[in-house]
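If you want the building blocks of each chain, they are given just below.
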Amino acid sequence: MSVNQQAHTGPPYGQPQPGYQGYQQPAYGGQPLPGVLQSQYGTYNGPMPGYQQPVPAQGYFPSLGFPSKGSPVSLNSDTSSLAPNFIGSLRAPPTSGAPPPSSGASLPSGHLVYSQFGHGDVQNGIPASAAPMQRPPASQPFLPGSAPTPANQTSTFQQYGPSPASVQQLSNHMAGMTIGSTAASAPPPAGLGYGPPTSVPPVSGSFSATGSGLYTPYTASQGPPPTTVSQGLPLAQPPFPSQPVSTQRLPTQVPGFAPAPSSTGIGPSSYPPTTGAPRPPTMPGPPLPGQTVAGPPASQPNHISSPPPPSTMSGLHPGPPMSGLHGPPPPTHPPQPGYQMQQNGSFGQVRGPQPNYGGAYAGTPNYGSQVGPPPPPKRLDPDSIPSPIQVIEDDRSNRGSEPFVTGVRGQVPPLVTTNFLVKDQGNASPRYIRCTSYNIPCTSDMAKQSQVPLAAVIKPLATLPPEENLPYLVDHGESGPVRCNRCKAYMCPFMQFIEGGRRFQCCFCSCVTEVPPHYFQHLDHTGKRVDFYDRPELSLGSYEFLATVDYCKNNKFPSPPAFIFMIDVSYNAVKSGLVRLICEELKSLLDFLPREGNMEESAIRVGFVTYNKVLHFYNVKSSLAQPQMMVVSDVADMFVPLLDGFLVNVNESRTVITSLLDQIPEMFADTRETETVFAPVIQAGLEALKAAECAGKLFIFHTTLPIAEAPGKLKNRDDKKLINTDKEKTLFQPQTSFYSNLAKDCVAQGCCVDLFLFPNQYLDVATLGVVTYQTGGSIYKYAYFQLETDQDRFLNDLRRDVQKEVGFDAVMRVRTSTGIRATDFFGAFYMSNTTDVEMAGLDCDKTITVEFKHDDKLSEDSGALLQCALLYTSCTGQRRLRIHNLSLNCCTQLADLYRNCETDTLINYLAKYAYRGVLSSPVKTVRDSLINQCAQILACYRKNCASPSSAGQLILPECMKLLPVYLNCVLKSDVLQPGPEVTTDDRSYIRQIVTSMDVAETNVFFYPRLLPLTKADVDSDSLPAAIRNSEERLSKGDIYLLENGLNIFVWVGVNVQQGLIQNLFGVSSFSQISNALSTLPVLENPFSKKVRSIVDKLQRQRSRYMKLIIVKQEDKLEMLFKHFLVEDKSLSGGASYVDFLCHMHKEIRQLLS
């Protein structure tokens, strides 16, 4: 839909902009129709003759509020080229809540940072009185009847401007519009209200007659156009002092539709109206109780000045605002005239009026000369920009019901947030490999032009749901797997058999290889082998081969791996109860060591070490009556004092092990030793595995910075003053190269290190984590560990870590067909050359991200192929090869690339790329390069794929319309923009764990899931529908759950009914709820059962047990909770989604000009 809006998005990135005072805005003609209710009219769908477009003020793009150098383009010149699918220009924020605070820009002094306000009686926001107005009041007198916006909005206030001019007038507007969407409009979720018609920001200047349409939402049948947001991107015009303009409101979106933008001047759309039933427009009425009236952002100046001549500005041009970000259409829709096929890029679909959401129009602006104080400026309406929740819901409803069949090359899989079944028919499941794009450019020039990184996120040992088959294990006997003679690629479905089946041509390097006699089979009339369906390696994308002795170290088959538990017994560990807890847990946990299929018992052997300044080894041989302890105090030259009896079978030595675990807490109960060593502990484990000639894993439980005299001794080098300086990168780098060298030795032996940290102060995670990271291990951190609150989380993590599937002594290589090659790798591993990724251990949660670059041209006909081969030792000691194959399409048109991208995977790659960048570059440089790369990706789309339209429109490809919101979340993360309470260790920890996360984990980590618990249906198994991450979406009368993969917050509003509090917490009032709860009390009522089942379900979906934190509204913990409301401005200076979108638009325009 196209909306031409005069709205202003936000203050210039980084600095507050005062409003211009005293100017009034012109309005659309006609007197207000008092009392017209919201639902009376449908969204406007087509050009509407007779509305003129405002001419923006010179030098200001209202949308951004960035002063610009050239003179702005006048709106009229652009009007004819509107894309129907534009997201509206900026408008006054929905009343449903405040627009998110401005993004990296500091808010003008009036703007409130969300987390600062108190709460008043506005149900979904903070009371207006709690915070100062955003702009100087002088610049925004109220229109009669206007109400102040609650402080939780960045906008200053929204007037209830005049209502639509007349019913007839509106219907005329509608005549040419159709609302389209791919889905039926659904009522928006309740709980966010749009207020009454709001007034538009002051636009100065006469409206030119050319702007004839208000907006053109699309019809359902229409292929989705790209999403365009017309960011109030039109320029400002000189004020007509006497006429207030009231904004049109967009309906909230339905998935897949562009909401109708509201805006003051909208240009006619250049596309034919789409077919589909037009929806009745809705006109907002007075806010419902509990709704706040949103006002335009304070950051937008009232615009003054005469109509500008057209100019080439890098700011935002006035132009028809767009509602909808452009994107390629789904294959089923024919391309629209004037577009390269694009998908409905709208920011969400148009939906019917919803409770608490305003309707489509906020009332037509008056053309008349109604005198009144100038209305406040508009800003982008958060409901008119792409919603992650909407996109996720659309994908679930469109793709969750059918299995994803992998037989077709280059298919984009459903989103990671969608539950779907996979049927392997020749390409690896997306659970194993996801790509940033499934259609890659044929040439390197095209790839450079688009700037879209070509990468694959590979999770070779991913866990599959029970309904899907594990990869088949193929045994070719002595001869081993069939491979290409030249490039050594393994037999796969894409190999071409020739000469009657006697030879095959490699799909990777085209070399022809003889088929071994034992593998020969005849071909059918299509050239396929007749045993095609009997051989997994010919018909499936993923399978395993049993490796022969040639694939083993020293040409001998490996022994089963060993687990060594190494427990810190220094004063802190003993005093906190940690040592006793670990010993008690291990007694039962040892029965659950990993085993294969139907094995009676695990083949894994176990050993035990305790340490402080010295190391204690234990002989737990089954023939002993009591365990024996041997102390090694010479930590400078570590050796293992015993061979026989250190690594044992659990069942054979059970009584001795139990006796040892009972004795350890007693032995060290009175210790006064506070110092610890660390490197010698790893060395001891490594030596023990070497002596036993096996691979294995060390589980190290450690509490303090290792300052005792020993190799690998560290000093406290934490320095907050380095943040935001060029030396900040040193905080992420290890203090010494000692640990990197140690890691190299560990990888050579297949010694993987899992680290459980329990710090009460700085521990230097950046250094201690090096060995864990480079050996493919996992790191867990429990700061200020307390038995009563952290015990569940630690024990659940430990159980899962011990039990999960692991491949030992692993080497992974990624082969590609001619034309591209793997050039860069991200993850927890070690590389001794440029092609082999080596990991002492690789578990089912770890991913390796691989970037590809062109080294030749690709062809559209043959496409591109990837083959990931992982050689590893299973927990039974069997050497195996796991193979994953994936075929991708290649394109000569950029539109095909943009139509087949996967934003979640792209963000996973970009986050890892940035998190590695902080090791060598200042954080600001890393942030700027991320913003620049994304602006280039979107500018290239705009320039080469989107149909012509005004520069005032922000056009996003359909499948990348969430790129700005997700990228902003990465930029605001603790690694790249820490708040004052974030420790150096926290940042290093997060940097390390994100580097091996899969796409589903980064998705929820950067954009947490927010669920309204009070809306949950206690009689069904389903989760309540998620809502967007913004404070304006919260209501004081509800309870919400927010999860990000590491924490679960339960936020309780101050006005929650007493009955709900009693049912969930077992106390009678809000004030009695305890913040110290680490689990919800088990109460026998439907609400308690439902909420606990939701928490359990979420815990099962994540690889780490999330810490439960109860947050009461207006409590000190609320600041922490608000940090995860990622669409809002963050306290650490991160931009709100709305402001960041405006900033991206400005960057794109600069690139295009």
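See the structure above.
Please read all numbers here as calculations on a predicted model, not as lab measurements.

Cut-offs and rules
The residue count restarts for each chain, going from 1 along the sequence in the order it is written. Totals for whole chains, interfaces and linings use every residue, but because this is a predicted model, local features are given only for residues with pLDDT of at least 70 and side-chain atom pairs only at 80 or more, for both listing and counting. As a convention, hydrogens and water are excluded, and side-chain values are obtained from all of the structure's heavy atoms. Secondary structure counts use DSSP, requiring at least four H or I residues in a row for a helix and at least two E residues in a row for a strand, with both numbered from the N terminus. Buried residues are those whose accessible area, probed at 1.4 Å on protein chains only, stays under 20% of the maximum for their type, while exposed residues exceed 50% and partly exposed ones sit between those limits. Every residue pair with non-hydrogen atoms within 4.5 Å of one another is taken to be in contact. Two strands form a pair only when DSSP identifies at least two bridges running between them. For helices, the fitted line uses only the C-alpha atoms of the stretch in contact; every axis is such a line through C-alpha atoms, and the angle between N-to-C directions lies from 0 to 180 degrees. Cavity and pocket criteria rest on a 1 Å grid covering protein atoms alone: a 1.4 Å probe that fits but cannot get out defines a cavity, protein on both sides within 12 Å along at least 5 of 7 lines defines an open pocket, and an atom within 4 Å of a point defines a lining residue. Grid points are joined across faces, edges and corners, and a volume is the space filled by probe spheres set on the points. Throughout this entry, Asp, Glu, Lys and Arg are counted as charged residues, while Ala, Val, Leu, Ile, Met, Phe, Trp, Tyr, Cys and Pro are counted as nonpolar. The remaining residues, Gly among them, count as polar. By this rule the span expected of a helix is its residue count minus one, scaled by 1.5 Å. Pairs of N or O atoms are called polar contacts if they sit within 3.5 Å, as long as, within protein, a hydrogen donor faces a hydrogen acceptor (for residues adjacent in sequence, only side-chain-to-side-chain pairs). The criterion for an aromatic pair is that two Phe, Tyr or Trp rings (for Trp, the six-membered ring) have centres within 6.5 Å, with stacked assigned to planes under 30 degrees apart, edge-to-face to planes over 60 apart and tilted to the rest. Two joining distances apply to patches: 9 Å for like charges and 5 Å for nonpolar side chains (Val, Leu, Ile, Met, Phe, Trp, Tyr), and every residue must have over 30% relative accessible area and no salt bridge. Shrake-Rupley sampling with a 1.4 Å probe provides the accessible areas, and residues are treated as covered by the protein chains on show and by no other component. The salt bridge criterion pairs a side-chain nitrogen of Lys or Arg with a carboxyl oxygen of Asp or Glu, the two atoms within 4 Å.

> Summarise the overall build of the protein; cite the residues concerned and give the values.
On a plain count of helices and strands, the protein comes out with 22 helices and 42 strands. In the protein, buried positions account for 66% of the 1153 residues. Nonlocal contacts in the protein, meaning residues at least 24 apart in sequence, comprise 82% of its contacts between residues at least 6 apart.

> With reference to specific residues and values, describe the sheet that holds strand E40 (residues 1039-1043).
The strands making up a sheet are joined through hydrogen bonds of the backbone, oriented either antiparallel or parallel. Taken together, the four strands give an open sheet; going across it, the order is E39-E40-E41-E42, and neighbouring strands pair in mixed fashion. Only two strands of the sheet have a single neighbouring strand rather than two, namely strand E39 (1009-1012) and strand E42 (1107-1112). Strand-to-strand twist in this sheet, taken as the mean axis angle between neighbours without regard to direction, amounts to 20°. The pairing of strand E41 (residues 1047-1052) with E42 spans six bridges and is classified as parallel. Its bridge partner lying in E42, Trp 1051 is registered against Val 1111.

> Break down empty space enclosed by the protein for me, citing the residues and quoting the values.
The final tally for this structure, using the stated rule, is nine cavities of 30 Å³ or more. Considered as a void within the structure, the largest cavity measures approximately 260 Å³ in volume. In terms of lining, the largest cavity is formed by 21 residues, of which the most central are Ile 993, Met 997, Glu 1001, Ser 1103 and Arg 1104. Of all the elements in the fold, those that place two or more residues in the lining of the largest cavity are strand E31 (779-781), helix H17 (984-994) and helix H18 (999-1006). Partitioned by chemical class, the residues of the lining of the largest cavity number eight nonpolar, seven polar and six charged. Considering only enclosed or pocket space, the second largest cavity measures out at about 100 Å³ in volume. Residue lining of the second largest cavity: 13 residues in total, with Phe 404, Gln 411, Asn 427, Ala 428 and Leu 886 positioned closest to the centre.

> Tell me about helix H20 (residues 1086-1101), and please be specific about residues and values.
In this model H20 runs 23 Å from its N-terminal to its C-terminal C-alpha over 16 residues, within 8% of the 22 Å that 1.5 Å per residue would give. Burial in H20 covers these residues: Phe 1087, Ser 1088, Lys 1090, Val 1091, Arg 1092, Ile 1094, Val 1095, Leu 1098 and Gln 1099. Tucked into the core, H20 has its buried residues touching E39, E40, E41 and helix H19 (1058-1065). Measuring from the backbone nitrogen of Phe 1087 back to the side-chain oxygen at the start of H20 gives 3.1 Å, which picks out Asn 1085 as the cap.

> How would you sum up the packing of aromatic side chains? Please name residues and give values.
Applying the stated criterion across every chain, the model contains 32 aromatic pairs. Here Phe 1049 and Phe 1121 contribute two aromatic rings whose centre-to-centre distance is 5.9 Å and whose plane-to-plane angle is 70°, an arrangement assigned as edge-to-face. Of the two residues, Phe 1049 sits in strand E41 while Phe 1121 sits in helix H21 (residues 1118-1122), which places them 72 residues apart along the sequence. The same class applies to Phe 1049 and to Phe 1121, which are both buried. Note on Phe 1049 and Phe 1124: the rings are 5.1 Å apart at their centroids and 40° apart in plane angle, and the pair reads as tilted. Highlighted residues: Phe 1049 in strand E41 and Phe 1124 in the loop between H21 and helix H22 (1137-1152), separated in sequence by 75 residues. Across the pair, Phe 1124 and Phe 1049 agree in class, each one buried. Each residue in the set Phe 701, Phe 756, Phe 758, Tyr 780, Tyr 782, Phe 785 and Phe 794 is aromatic and connected to the rest through ring pairs, giving one cluster.

> Tell me about the environment of Val 650, and name the residues and values.
In this structure, Val 650 sits in the loop between strand E28 (648-649) and helix H8 (654-667). Residue classification places Val 650 among the buried positions, given a relative accessible area of 7%. Linking Val 650 and Val 606, residues 44 residues apart in sequence, is a C-alpha distance of 6.8 Å.

> Report on a nonpolar patch on the surface, specifying residues and quantitative values.
The grouping of Met 629, Val 631 and Met 667 at the surface amounts to a nonpolar patch, some 250 Å² of accessible area in total. The residue Met 629 is located in strand E27 (residues 628-632) in this model.

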